[in-house]
Amino acid sequence: MDIGIGIVILLCVVAAAVGLLIGGVIATVYHRNVSDKKLNSAEAEAKRILNDAIKTAESKQREAMVEAKEAILAARNEWEQQEKERRAAIQQQETRLEQKEENLDKKTENLEKKDEALQEKLAALEQTKEEIEDVKQKQMAELERISGMTAEEAKDMLVSQLEAEVTHESAAKIKEAEAHYKEEADSMAREIISLAIQRCASDHVAEATVSVVALPSDDMKGRIIGREGRNIRTLETLTGVDLIIDDTPEAITVSCFDPVRREIARIALEKLIQDGRIHPARIEEMVEKAKREVDATIKAEGERTVFEANVHGLHPELVKLLGRMKYRTSYGQNVLSHSLEVSHLAGLMASELGGDVAVAKRAGLLHDLGKAIDHEVEGSHVAIGVELARKYHESEEVIHAIEAHHNDVEPKTLVAVLVQAADAVSAARPGARRENLENYIKRLETLEGIGSSFPGVEKCFAIQAGREIRIMVEPDKVSEDQMVLLARDVAKKIEDEMEYPGQIKVNIIRETKAVDYAK
């Protein structure tokens, strides 16, 4: 019983195992079939994708080939066009070169022909030259036979004749030059003697400080004064002089201590009287013309003085400064005449002593150079003269003579001593100088210097013999209110620094003008 049960159980187990095995086999077979189907499907899909890719690649390749062929074709066409153009250019160059070669061949051929012609002409010339030389030799031989002299003897004879002629002409020229220079020497000697006589008879009186201008009639006085005195005021303002119109018939007196300003006013007034048109604008024009005329006179006087002194090589500015001294006086003595006299005296003494005459005359002429501008520049005329001489490159010997002529420094050269002595001789002549006028002029110059020392002052003139100072100020720098203060300051400075009789009027003028032209 138990065995039967065990067999049954064993069979059941065996049956279960067989069932499981069969089920596993069946499951395996099923799964394998499913996997095979999926694999086949995947392979088919892969083949399809691959085929599509191959078709796409082939299509792209064909397109790329077509584009490449088109690009190659375009490049080939462009290259062929360029090649065609290059060939055409080369063909043109070859054509031009062939033409040039033909032209060169023609020129070479022409040159060869010309060369042959020149060679023929040279040969003909050589032959002609030989023939001429033969004829010349025959003629020379014939001439020698006829004259009885050789060529060298004939040459010596001609040279001798030429020397005699040249000697004769030279002697004639020398005699003519001697006669000419003798005449000039006589003339110069007479001039030197006359200058010496004139020097001894120099003016003993000073130039007056007034000038008288003649009028065609007394009616002209009213025209010169002008409406409300505008004409005479304009003329006095522009020139810095004082016009005195009194009862003197047909005359106006021009008064000013500065001879230059007085001369400018006199010339301008004469021009206005001659012209007849007298008004402020015309007065300005005539004053400018008079200034130019005086400047020309100054230059001419300087050149004349330099010529008379026989001093050479002066700087043009020094010549002008010498000319200015014509209008300058020192103690009543004309400075230009004094300088010329000192130059002559120094030169004569240097000649007697065996010194350098040229340097002595030069130093004597320039010794008072500073007086030409000493009323415009601060400092003594000696210091100003030294500065001017050094500025215009005068020699140290001349500069030392200028510096030492008033013993400002000890004279160390012969020229300096001679200039000092000549200056004393010229100044010490009886009546050569007058003290009072010089002091008067110095006082007026000091007065003008005080007025010009204030800022904003354009012009300053001392008039009425120093009893009035007229000051023109710049309107953009000095206001109406400041004019009052300026007048008081000027008056205070005059009181502190000067000694004078009576009183001095300080007149401040501020004027604004506007000018335009109708075109």
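Note that this is a predicted model, so its numbers are computed, not measured. (Residues numbered from 1 in each chain as written. Predicted model: local features only at pLDDT ≥ 70, side-chain atom pairs only at ≥ 80, totals over all residues. Heavy atoms only, no water.)

Observations regarding the environment of A350
Tracing the sequence through the fold places A350 in helix α8 (residues 335-353). Here A350 falls in the buried class, since its relative accessible area comes to 1%. Measuring from C-alpha to C-alpha, the distance between A350 and A360 comes to 6.6 Å, with ten residues separating the pair along the chain. Sequence-distant contacts of A350, defined by excluding residues within four places in its chain, comprise G355, D356, V357, A360 and L418. (Helix = DSSP H or I, 4+ residues; strand = E, 2+ residues; numbered from the N terminus. Buried < 20%, exposed > 50% of the residue type's maximum accessible area, 1.4 Å probe, protein only. Contact = heavy atoms within 4.5 Å.)

Details of a negative patch on the surface
A cluster of acidic side chains, namely E94, E98, E101, E102 and D105, defines a negative patch on the protein surface. Note that E98 resides in helix α1 (residues 2-147). Residue E98 is classed as partly exposed on the basis of its relative accessible area, which comes to 48%. (Patch = residues over 30% accessible without salt bridge, like charges linked within 9 Å, V, L, I, M, F, W, Y side chains within 5 Å. Areas by Shrake-Rupley, 256 points an atom, 1.4 Å probe, with all protein chains shown as cover. Salt bridge = Lys/Arg side-chain N within 4 Å of Asp/Glu carboxyl O. Lys, Arg positive; Asp, Glu negative; His and termini not counted. Charge placed at Lys NZ, Arg CZ, Asp CG, Glu CD.)

Observations concerning the packing of helix α9 (residues 357-366) against helix α11 (residues 396-404)
Packing of α9 against α11 brings their axes to within 9 Å, and their N-to-C directions diverge by 45°. What the angle tells us is that α9 and α11 run oblique. The two elements α9 and α11 meet at a crossing, and its hand is right-handed. Residue-level contacts link V359, R362, A363 and L366 of α9 to E397, V398, A401 and I402 of α11. (Axes fitted to C-alpha atoms, helices over the stretch in contact; angles between N-to-C directions. Parallel < 35°, antiparallel > 145°, perpendicular 65-115°, else oblique. Left-handed = near helix turned anticlockwise from the far one by under 90°.)

Remarks on the nonpolar core
Residues L314, L321, L322, L365, L366, L369 and L388 are the most contacted members of the largest nonpolar core, which totals 32 residues. Secondary structure elements with two or more residues in this core: α6 (280-309), α7 (316-324), α8, α9, α10 (381-391), α11 and α12 (414-428). Leaving out residues up to four positions away in the same chain, L365 has contacts with T305, V306, A309, V311, L314, L322, S339, L340 and S343. V241, L243, I273 and I278 belong to the second largest nonpolar core, which has 28 residues in total. (Core = buried A, V, L, I, M, F, W, Y, C linked by side-chain atoms within 4.5 Å.)

Topic: α6
In a regular helix each residue adds 1.5 Å, so 30 residues correspond to 44 Å; α6 covers 43 Å between its end C-alpha atoms and thus fits that length. Listing the buried residues of α6 in full gives R282, I283, M286, V287, A290, V294, I298, E301, G302, T305, V306 and A309. On its buried face, α6 sits against α4 (230-239), α5 (259-275), α7, α8 and α9. Trailing α6 by a residue or two, N310 shows a phi angle of about 60°, which is positive. (Expected span 1.5 Å × (residues − 1).)

So, the packing of α6 against α7
Direction vectors running N to C along α6 and α7 enclose 100°, while the axes themselves pass 7 Å from each other. On the basis of their axis angle, the class for α6 and α7 is roughly perpendicular. Every residue of α7 that contacts α6 at I298, K299, E301, G302, E303 and V306 is listed here: V319, K320, L322, G323 and R324. When its residues are assigned to classes, the contact of α6 with α7 shows four nonpolar, two polar and five charged. (Nonpolar A, V, L, I, M, F, W, Y, C, P; charged D, E, K, R; others polar.)

A closer look at the pairing of strand β7 (residues 468-473)
Taken across its six residues, β7 has six buried, putting it largely inside the fold. Neither face of β7 is left uncovered, since the one carrying E468, R470 and M472 and the one carrying I469, I471 and V473 both have all their residues buried. Pairing analysis gives six bridges linking strand β6 (residues 457-463) to β7, with the strands arranged antiparallel. Across the sheet, the residue bridging to C460 is I471, located in β7. (Pairing = 2+ DSSP bridges.)

A word on a nonpolar patch on the surface
On the surface, a nonpolar cluster with roughly 450 Å² of combined accessible area is contributed by L10, V14, V18, I22 and I26. One can find L10 in helix α1. A relative accessible area of 53% means that L10 is categorised as exposed.

Focus: the confidence of the model for the protein
On average, residues of the protein score 80 in pLDDT, and 89% of them reach the 70 mark or higher. Across residues 192-207, confidence stays below pLDDT 50; counting only partners more than four residues off in sequence or on other chains, it has 19 contacts. (pLDDT = per-residue confidence, 0-100.)

A word on the pairing of strand β3 (residues 251-255)
Buried residues dominate β3, accounting for five of its five residues. As paired elements, strand β2 (residues 242-244) and β3 share three bridges and run antiparallel to each other. Looking at the pairing, D242 lines up with S255 of β3. Where β2 hands over to β3, the hairpin turn is made up of six residues, of which E250 adopts a positive phi near 50°.

Focus: the side chain of H400
Considering the arrangement of structural elements, one finds H400 in helix α11. Using a relative accessible area of 16% as the deciding quantity, one classes H400 as buried. With sequence-adjacent residues up to four places away left out, H400 is seen in contact with V409, E410, P411, K412, T413 and A416.

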